[in-house]
Amino acid sequence: MKILTLAGAARPLATLALAAAFTLHPQSPSLAAESVAAPKAPRIGLALSGGGARGIAHIGVLKVLEDLRVPVHCVTGASMGAVVGGAYAAGGRPRQLEERAVKADWNEIFRDRPPREEISIRRKADDYKTLFAPEFGVKDGGLALPKGVIAGVSIEAFFRTLTGSAAGTDDFQKLPVPFRAVAADIETGEAVVLAHGNLAHAMRASMSVPGAMAPVEIDGRLLVDGGIANNLPIDEARKLCADVIIAVNISTPPFKREELTSALSVSLQLINFLGKQTVQQQLKGLGERDVLITPDLGTISAGSFERTADAIRIGEDATRAVAAQLRRYSLPPDQYVALREKQVAERKGLGTVDEIRFEGLKRTNPEVLRSLVQSKPGEELTEEKISSDLRRIYGRGDFEGVDYRIQQEPGKRVMVIQPREKDWGPDYLRFGLGLASDFRGETPFTVLVSYRKTWMNRLGGEWLTEARVGRESGLFTEFYQPVDERGRYFVAPYASYGQSTRGVFLGEKRIAEYDVLEGRVGVDAGAVLGTWGEARLGALWRNVDAKVDTGSPVLPSLNEDSAGMRFRLYGDHLDHAWFARRGHRIIVSALVADEGLGSDRNYKRLEGDLVGVKSWGDHTFSLNFSGGTDLHSEMPAYETFTLGGPLRLSGYRINEFSGRRMAFSRLMYYNHAVKLPDLLGSGVYAGASLEAAQIHSRFDGFPAKGTVFSGSVFLAADTFLGPAYFGLGAGESGRWSLYLLLGVP
């Protein structure tokens, strides 16, 4: 720990001067009183450096300064120093900041994706295609990428909760404690001092790690982490108010080679090197009355947010170590209480507004977004409700960020919502991968390319085209057209053409494979059921051409037309598509094929799937029921229901069972065993499943066996490529299998 504090060597001289005053004027009490009058208390400025998670130690410093009754008259900060400093300047109490920092789920804060329950239903459906990052923009004849891996929407929402007491204050000089945040202009490299605007937005700009977090545009300048340009803004604290500086330097040791494992760590390393140069320059400006505190944070890295409590404790220890020097500036108890009563701001209500308006939209229809906003003019606003509104808007997938402000206009008070449209949009290209294997010859895989054109018209028309290569290869295209401004109702014509391979089993032995060519044309009309789901009803025409590829040539071929009406209900309230902790999902589909519409035969097909998930602590249970029936109609073989393979009778071969009627249930348990960095996924899970099914009117002609039981134990991971499972399945009569599952094959 390094401490810089130069006590005044002039104290003996001051004592001699007082003595001389009494000697020279023994009969002048008034003059003597003037001579011994206490000097005016110095104004103290606090300068806080950046340092990522290490910077949370600043909260510990603030706690001890409060215990010592050391006043703080202004604050400056860079990066995490701007975050802690801004929250304090907004009127936050150090112990309240500590509570929020310790309780915060930092993985969620640094995860851009809003709660899944608030994402649009079309984007939820993409989760089951296991499309992975990044999302490429298609524009100007080339591909474009976001400016950062993290857009920072959740981060800024968290900052708004820290600074809620300062809502409506856009002049940082007028905060309970005057404040300045330092950012860097990514175009010029210059330091940019932020003295006005949205406080949470300024804090977010000051800690935007280049490459990892998207830059923030303020006053026409593109801003990134202030640690690059001035990581310890002592000079700005002097300009703002300070006679005396208390500087807290969270020095960050460079990463070792084996620790440079990601784009984020490389970016942080660069900021460390650049920041170190600026810190050394700033330290030269410290004077004899100033105090420098350098907490020894040891192995706590810039990304160690799970060690928040440790960082705060170390900040406290470092500050107590210089308590003797800091007490020079302590105020009497009554004076300190009076000062803090002025500085501490209780969180104010946001009040009501007369109008809610959207600003900055170029291609998006604001009426479409208005349907997602539950805050209403004339009703009391809350930060929680507004944050939910902003998350729902962001969850559409059209924006790189969403912010708001409340402003007073002549005769009315207005909330202005500011969505920032993706500058790499509105057309997007993504890729996906799926693979399954039972290590016995069944290894279906899929490579997916998805191209999505959005906002093709004022109502939000969207054209989706997907190409698949693998066990199932083909093209799919759909034009999704809302028919009202709020997007509640839609029509969706679609078409597809593809080839798939389907095995034919006799017991556990695969005796043949069919190549199936299928073309589809259809049109649906539907309703969007909020962010929960959608319902569709439409007409479908298809042609199926199935021929034996391997196996007995006496097996029949088939070329058949099917046409009818299709209904589909899809509701999804899971908090995660694959490793949910809570929620439910329901899918119901029905098809009535009718010769009157051009079908070669009349038949019916009804299928349903229900999943419910509940957690107790680290323990999660998922219960799944699914079933299908032909309602005793003449449903063709290509429409039969299949079971077998990973987590669908795990001890048996993939799609070993096929029948016209099916019932399946599964109870699955999993435990979040190992956490992963957010950029890689959420973690590694250990779990097990119990599965049971009945299959009637089997395609292989075998009689129904009654209930078939199976189960598995597995290790699984939620990765940026999608879910991955490796497990051992067991069935009846000694049946067993190893399986590997990655994504959706």
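Look up: the structure comes first, before these words.
This structure is a prediction, so every number in the text was calculated from the model and none was measured. (Residues numbered from 1 in each chain as written. Predicted model: local features only at pLDDT ≥ 70, side-chain atom pairs only at ≥ 80, totals over all residues. Heavy atoms only, no water.)

Enquirer: Just to check I follow, could you spell out the environment of Thr299 for this structure?
Expert: Counting through the fold element by element, Thr299 comes out in the loop between strand 13 (291-293) and helix 12 (308-320). Through-space distance from the C-alpha of Thr299 to that of Arg54 is 9.7 Å; in sequence the pair is 245 residues apart. Contacts of Thr299, omitting those with residues within four sequence positions, involve Ser304 and Arg307. One polar contact links Thr299 to Arg307, side chain to side chain, over a distance of 2.9 Å. (Helix = DSSP H or I, 4+ residues; strand = E, 2+ residues; numbered from the N terminus. Contact = heavy atoms within 4.5 Å. Polar contact = N/O pair within 3.5 Å; in protein donor to acceptor, adjacent residues only side chain to side chain.)

Enquirer: Got a minute to help me understand the state of the cysteines in this structure?
Expert: With the rule as written, the count across this model stands at one disulfide. Between the sulfur atoms of Cys74 and its disulfide partner Cys241 the distance amounts to 2.1 Å. Linking Cys74 and Cys241, the disulfide has an S-S dihedral of approximately -80° and is accordingly described as left-handed. Residue Cys74 is found in strand 3 (residues 74-78), and its partner Cys241 is found in the loop between helix 10 (234-240) and strand 12 (244-248); the two are separated by 167 residues along the sequence. Here Cys74 and Cys241 have matching classes, each one buried. (Disulfide = S-S within 2.5 Å. Buried < 20%, exposed > 50% of the residue type's maximum accessible area, 1.4 Å probe, protein only.)

Enquirer: Before we go on, may I ask you to explain the nonpolar core in this structure?
Expert: Burial of nonpolar side chains together is a common tendency in soluble globular proteins. Judged by nonpolar contacts, the single largest core of 70 residues is most densely connected at Leu46, Ile56, Trp106, Phe159, Phe179, Leu194 and Leu326. Examining the composition of this core, we find that seven residues originate from one element, helix 4 (residues 80-89), more than from any other. Setting aside residues up to four positions removed in sequence, Leu194 forms contacts with Phe172, Phe179, Arg180, Ala181, Ala183, Ala202, Ala205, Ile218 and Leu223. Grouped together as the second largest cluster of nonpolar side chains are 23 residues, Val544, Tyr638, Phe657 and Met662 included. (Core = buried A, V, L, I, M, F, W, Y, C linked by side-chain atoms within 4.5 Å.)

Enquirer: What should I look at first to understand empty space enclosed by the protein in this one?
Expert: A probe as big as a water molecule, rolled over the atoms, marks out the empty space that is left. Counted under the stated rule, the structure contains one cavity of 30 Å³ or more. Computed from the structure, the largest cavity encloses a volume of approximately 110 Å³. Lining the largest cavity we find Ile56, Ile59, Met80, Val83, Val84, Ala87, Leu97, Ala101, Trp106, Phe158 and Leu162. A total of four residues in the lining of the largest cavity trace back to one element, the largest contributor, which is helix 4. Along the lines of polarity and charge, the residues of the lining of the largest cavity split into eleven nonpolar, no polar and no charged. (1 Å grid on protein atoms, 1.4 Å probe; cavity = no way out; pocket = protein on both sides within 12 Å on 5 of 7 lines; lining within 4 Å. Points joined across faces, edges and corners; volume = space filled by probe spheres on them. Nonpolar A, V, L, I, M, F, W, Y, C, P; charged D, E, K, R; others polar.)

Enquirer: I'm lost on the pairing of strand 17 (residues 427-437) in this one. Help?
Expert: When a strand is regular, its side chains alternate between the sheet's two faces. Examined bridge by bridge, strand 4 (residues 131-139) and strand 17 share four bridges and lie antiparallel to one another. Bridge pairing links Leu131 to Gly432 in strand 17. Pairing geometry for strand 17 and strand 18 (residues 445-453), over nine bridges, is antiparallel. Within strand 18, the position partnered with Gly434 by the bridge is Thr446. Judged from the three bridges that link them, strand 17 and strand 33 (residues 736-742) form a sheet pairing that is antiparallel. By the bridge assignment, Ala436 is partnered in strand 33 with Leu741. (Pairing = 2+ DSSP bridges.)

Enquirer: Can you walk me through helix 8 (residues 153-162) in this structure?
Expert: Given 3.6 residues per helical turn, the α-helix brings residues three or four places apart onto the same face. Among the ten residues of helix 8, nine are classified as buried, and the element is accordingly described as predominantly covered. Taken together, the buried positions of helix 8 are Val153, Ser154, Ile155, Glu156, Ala157, Phe158, Phe159, Arg160 and Leu162.

Enquirer: Which parts of the structure should I look at to understand the packing of helix 4 against helix 9 (residues 199-206)?
Expert: Packed helix pairs are specified by the crossing angle of their axes together with the interaxial distance, meaning the distance between the axes. Contact geometry of helix 4 with helix 9 gives a least axis separation of 8 Å together with a crossing angle of 160°. With respect to each other, helix 4 and helix 9 are oriented roughly antiparallel. Seen from above, helix 4 lies across helix 9 with right-handed handedness. Contact with helix 4, carried on its side by Ala82, Val83, Gly86 and Ala87, involves Leu199, Met203 and Ser206 of helix 9 and no other residues of that element. When grouped by side-chain class, the residues that make up the contact of helix 4 with helix 9 number five nonpolar, two polar and no charged. (Axes fitted to C-alpha atoms, helices over the stretch in contact; angles between N-to-C directions. Parallel < 35°, antiparallel > 145°, perpendicular 65-115°, else oblique. Left-handed = near helix turned anticlockwise from the far one by under 90°.)

Enquirer: Please explain the side chain of Ser633 as it appears in this structure.
Expert: With respect to the helices, strands and loops of the structure, Ser633 is situated in the loop between strand 27 (619-629) and strand 28 (641-643). There is a polar contact of 2.9 Å between the side chain of Ser633 and the backbone nitrogen of Lys604. There is a polar contact of 2.5 Å between the side chain of Ser633 and the backbone oxygen of Asp630. Beyond its immediate chain neighbours, meaning those up to four positions away, Ser633 contacts Tyr603 and Lys604.

Enquirer: Please explain the pattern of salt bridges as it appears in this structure.
Expert: For side chains bearing opposite charge, pairing can occur when the charged atoms are close. For the structure on display, the rule yields 55 salt bridges. As a salt-bridge pair, Asp389 and Arg392 come within 2.5 Å of each other at their nearest N and O atoms. Residue Asp389 and its partner Arg392 are both found in helix 16 (residues 383-394); the two are separated by three residues, about one turn of the helix. Of the charged contacts in the structure, one is a salt bridge between Lys453 and Asp427, with a shortest N-O distance of 3.1 Å. Of the two residues, Lys453 sits in strand 18 while Asp427 sits in strand 17, which places them 26 residues apart along the sequence. (Salt bridge = Lys/Arg side-chain N within 4 Å of Asp/Glu carboxyl O.)

Enquirer: Please explain the packing of aromatic side chains as it appears in this structure.
Expert: What characterises a pair of aromatic rings is the spacing of the ring centres plus the angle enclosed by the ring planes. Scanning all chains against the criterion turns up 19 aromatic pairs. Here the aromatic rings of Phe158 and Phe159 are separated by 6.3 Å at their centres, their planes lie at 50°, and the arrangement is tilted. Here the aromatic rings of Tyr652 and Phe657 are separated by 5.2 Å at their centres, their planes lie at 70°, and the arrangement is edge-to-face. Each of the two residues, Tyr652 as well as Phe657, counts as buried. Site record: aromatic cluster; members linked through ring pairs are Trp106, Phe110, Phe158, Phe159 and Phe305. (Phe/Tyr/Trp six-rings, centres within 6.5 Å; stacked < 30°, edge-to-face > 60°.)

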